[in-house]
Amino acid sequence: MTIVRVFPSHNPLLDGPTRERRSLDIVAFAFLLSIASFIASSLWDWGVLEFVIKIPATASCGFSWLLARSFFRSDASNDTWPIFVVGLLIAIGLLLDSFAAERTGSGVFSTALGMAASLHALLSSTVLLLAFLEAWFNYSHDFPRNEKRFRLIFMAFYGVLLTVAILWLNGSSEGSWAERSGDSVRLFSAAIAAVVSIIGWQYRRNNPHPRPKRPKRIIVEASEDEQDLSERIIAKLREEKLFLEPDLKLSDLASVLHEHDHKLRNCITGVLGFRNFNHLINHYRVMSAKDALTDSRNRSASILSIAFECGFSSIGPFNRAFKQETGQTPSSFRRNIAQ
């Protein structure tokens, strides 16, 4: 398959924060709906509507995880597997509610329902823990102070609610105050969770996810010879597309330019401001890949084939270099362009 590339221009990224905000709004609404469903089904008897009212509540743990992912992952909307996990929680919860009476039997079906209940409890506990850890997964000391504070406050509130509403109540002895007041405590915790989620929702809408910082380039005062060499390096890369060669080495470029290796190395890390030779080459390969991913004629081309065409020898280094340059993966970049 031929990959069409356009040099040297490339299209800018689409408005990522707008897409993130839209996804955040949907997840936040779903979480608040699940909390409202839990509170409403606990306080009032809905008769024949009880089954419908309780549907969102069966996966409130899962929705809290999705909300935490939206709070702390800029690419959360690109992953579909968490949605399937939450869908599984809803399906199992509805199954258990529909056949609650049969769970006390001793037949095969009752055993299967017991296994389903154990799976539901395991998944719920897992996603609750993951929601707590989301604030820590992508934590960076380079984050702004407000972002660090937001993550720490979230973990503090979520940790308290998790300890009180799950660990303490579930571990309380029969007849204790915690056991007698369990329903009231859970309702109060749900209300607090709703308030905290609304505050976090508004914060994230007004403060998009911090983007990874690009490596700082040290600007040095170049001599006339160094400036001339840097221009020759860039011209050679742009005009002859040497970066498309997957096995290109510093010595190869030095040979083409009839210069010593150390002289090129000093120019690349000094005047041009790249960390090393590979950083320079990957920069131009990623620019080429962005052009290819943007071009509609490459719509059917795979990410792997584009990586090969742009000089990468495998998909791993390509993904890492692309995300370092753009802040998102190649597949996310392509989806943003398509939308």
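For the structure, see preceding data.
Not measured: the values here are computed from a predicted model. (Residues numbered from 1 in each chain as written. Predicted model: local features only at pLDDT ≥ 70, side-chain atom pairs only at ≥ 80, totals over all residues. Heavy atoms only, no water.)

Undergrad: Is there a simple way to think about the overall build of the protein chain in this case?
TA: The helix and strand inventory of the protein chain stands at 15 helices and 0 strands. For a compact globule of 339 residues, the expected C-alpha radius of gyration is about 20 Å, and the protein chain comes in at 27 Å, more than 25% above that figure. A principal-axis box enclosing the C-alpha atoms of the protein chain has dimensions of 85 × 45 × 30 Å. Here the protein chain holds 339 residues, and 42% of them are scored as buried. (Helix = DSSP H or I, 4+ residues; strand = E, 2+ residues; numbered from the N terminus. Rg over C-alpha atoms; globule rule 2.2 N^0.38 Å. Buried < 20%, exposed > 50% of the residue type's maximum accessible area, 1.4 Å probe, protein only.)

Undergrad: Is there a simple way to explain the nonpolar core in this structure?
TA: Most often, soluble globular proteins have nonpolar side chains that are buried together. Counting residues in hydrophobic clusters, the biggest one holds 34 residues, and the most contacted among them are Phe-63, Leu-67, Phe-71 and Phe-154. Of all elements in the fold, only α1 (16-43), α3 (60-72), α4 (81-98), α5 (108-137), α6 (145-170) and α8 (182-206) reach the threshold of two or more residues within this core. Ignoring any residue separated from it by four or fewer positions in sequence, one finds Phe-154 in contact with Ala-68, Phe-71, Phe-72, Ala-131 and Ala-135. Counting 22 residues, the second largest nonpolar core, distinct from the first, contains Leu-229, Leu-253, Ala-254 and Phe-274. (Core = buried A, V, L, I, M, F, W, Y, C linked by side-chain atoms within 4.5 Å. Contact = heavy atoms within 4.5 Å.)

Undergrad: When you look at the environment of Pro-210 in this model, what are you seeing that I'm missing?
TA: Tracing the backbone shows Pro-210 in the loop between α8 and α9 (224-240). Excluding anything up to four places from it in sequence, Pro-210 contacts Phe-143, Pro-144, Glu-147 and Arg-204.

Undergrad: How do you make sense of the pattern of salt bridges when you look at a structure like this?
TA: Side chains that differ in charge, positive against negative, can pair when their charged atoms come close. Taken as a whole and assessed by the stated rule, the structure comprises 11 salt bridges. Between Arg-205 and Asp-25 there is a salt bridge, with the nearest N and O atoms lying 2.7 Å from each other. Of the two residues, Arg-205 sits in helix α8 while Asp-25 sits in helix α1, which places them 180 residues apart along the sequence. Classification of Asp-25 as partly exposed rests on a relative accessible area of 22%. Across the salt bridge formed by Glu-147 and Arg-151, the nearest N and O atoms sit 2.9 Å from each other. Within this pair, Glu-147 and its partner Arg-151 are both found in helix α6, separated by 4 residues, close to a single helical turn. This pair shows no difference in class: Glu-147 is buried, exactly as Arg-151 is. Linked by salt bridges that have partners in common, Asp-228, Arg-232, Glu-259 and Lys-263 make up one network. (Salt bridge = Lys/Arg side-chain N within 4 Å of Asp/Glu carboxyl O.)

Undergrad: Teacher, can you tell me more about the packing of aromatic side chains here?
TA: How two aromatic rings sit relative to each other is given by the distance of their centres and the angle of their planes. Here the structure, examined in full by the defined rule, presents 16 aromatic pairs. Their ring planes at 55° and their centres at 5.6 Å tell us that Trp-65 and Trp-81 sit as a pair that is tilted. Of this pair, Trp-65 sits in helix α3 while Trp-81 sits in helix α4; the two residues are 16 residues apart in sequence, bridging distant segments of the chain. Aromatic pair Phe-99 and Phe-109: ring centres 5.2 Å apart, planes at 85°, arrangement edge-to-face. (Phe/Tyr/Trp six-rings, centres within 6.5 Å; stacked < 30°, edge-to-face > 60°.)

Undergrad: Where do I start with unusual backbone geometry in this structure?
TA: What you tend to see is this: most non-glycine residues have negative phi, and most peptide bonds are trans. Despite not being glycine, Lys-241 has its phi angle at roughly 55°, a positive value. With respect to the helices, strands and loops of the structure, Lys-241 is situated in the loop between α9 and α10 (250-257). The phi dihedral of His-258 is positive, around 60°, even though this residue is not glycine. Residue position: His-258 is located in the loop between α10 and α11 (261-269).

Undergrad: Is there a simple way to think about the packing of α3 against α4 in this case?
TA: Think of two packed helices as two axes; the pair is described by the angle between the axes and how far apart they sit. One can describe the packing of α3 onto α4 by two numbers: an axis separation of 9 Å at closest approach and a directional angle of 165°. With respect to their mutual orientation, α3 and α4 come out roughly antiparallel. Helix-helix and strand crossings are classified by hand; for α3 and α4 the assignment is left-handed. In this structure, α3 uses Gly-62, Phe-63, Trp-65, Leu-66 and Arg-69 to contact α4, whose residues at the interface are Trp-81, Pro-82, Ile-83, Val-85, Val-86, Leu-89 and Ile-90. Tallied by class, residues from the contact of α3 with α4 come to 10 nonpolar, 1 polar and 1 charged. (Axes fitted to C-alpha atoms, helices over the stretch in contact; angles between N-to-C directions. Parallel < 35°, antiparallel > 145°, perpendicular 65-115°, else oblique. Left-handed = near helix turned anticlockwise from the far one by under 90°. Nonpolar A, V, L, I, M, F, W, Y, C, P; charged D, E, K, R; others polar.)

Undergrad: What is the right way to look at the layout of surface pockets in this model?
TA: Approximately 1100 Å³ is the volume attributed to the largest pocket. Of all elements in the fold, only α1, α3, α4, α5, α6 and α8 reach the threshold of two or more residues within the lining of the largest pocket. In terms of residue count, the dominant contributor to the lining of the largest pocket is α6 (8 residues). (1 Å grid on protein atoms, 1.4 Å probe; cavity = no way out; pocket = protein on both sides within 12 Å on 5 of 7 lines; lining within 4 Å. Points joined across faces, edges and corners; volume = space filled by probe spheres on them.)

Undergrad: Explain α6 here, please?
TA: Helical geometry: 3.6 residues make up each α-helical turn, so side chains three or four residues apart lie on a common side. Given a rise of 1.5 Å per residue, 26 residues ought to cover 38 Å, and the 36 Å separating the end C-alpha atoms of α6 matches this to within 8%. Of all the positions in α6, only Glu-147, Phe-150, Arg-151, Phe-154, Met-155, Tyr-158, Gly-159, Leu-161, Leu-162, Ala-165 and Leu-169 are classed as buried. Turning to α6, the residues buried within the fold contact α3, α5, α7 (177-180) and α8. (Expected span 1.5 Å × (residues − 1).)

Undergrad: How should α5 be read in this particular structure?
TA: In a regular helix each residue adds 1.5 Å, so 30 residues correspond to 44 Å; α5 covers 41 Å between its end C-alpha atoms and thus fits that length. Its maximal kink placed at Ala-131, α5 deviates by approximately 30°. Among all positions of α5, only Ser-110, Leu-113, Ala-116, Ala-117, His-120, Leu-123, Ser-124, Val-127, Leu-128, Ala-131, Glu-134 and Ala-135 are buried. Along its buried surface, α5 packs onto α3, α4 and α6. (Bend = angle between axes of the 7 residues up to and from the residue.)

All quantities given are derived from atomic positions and should not be read as evidence of function.
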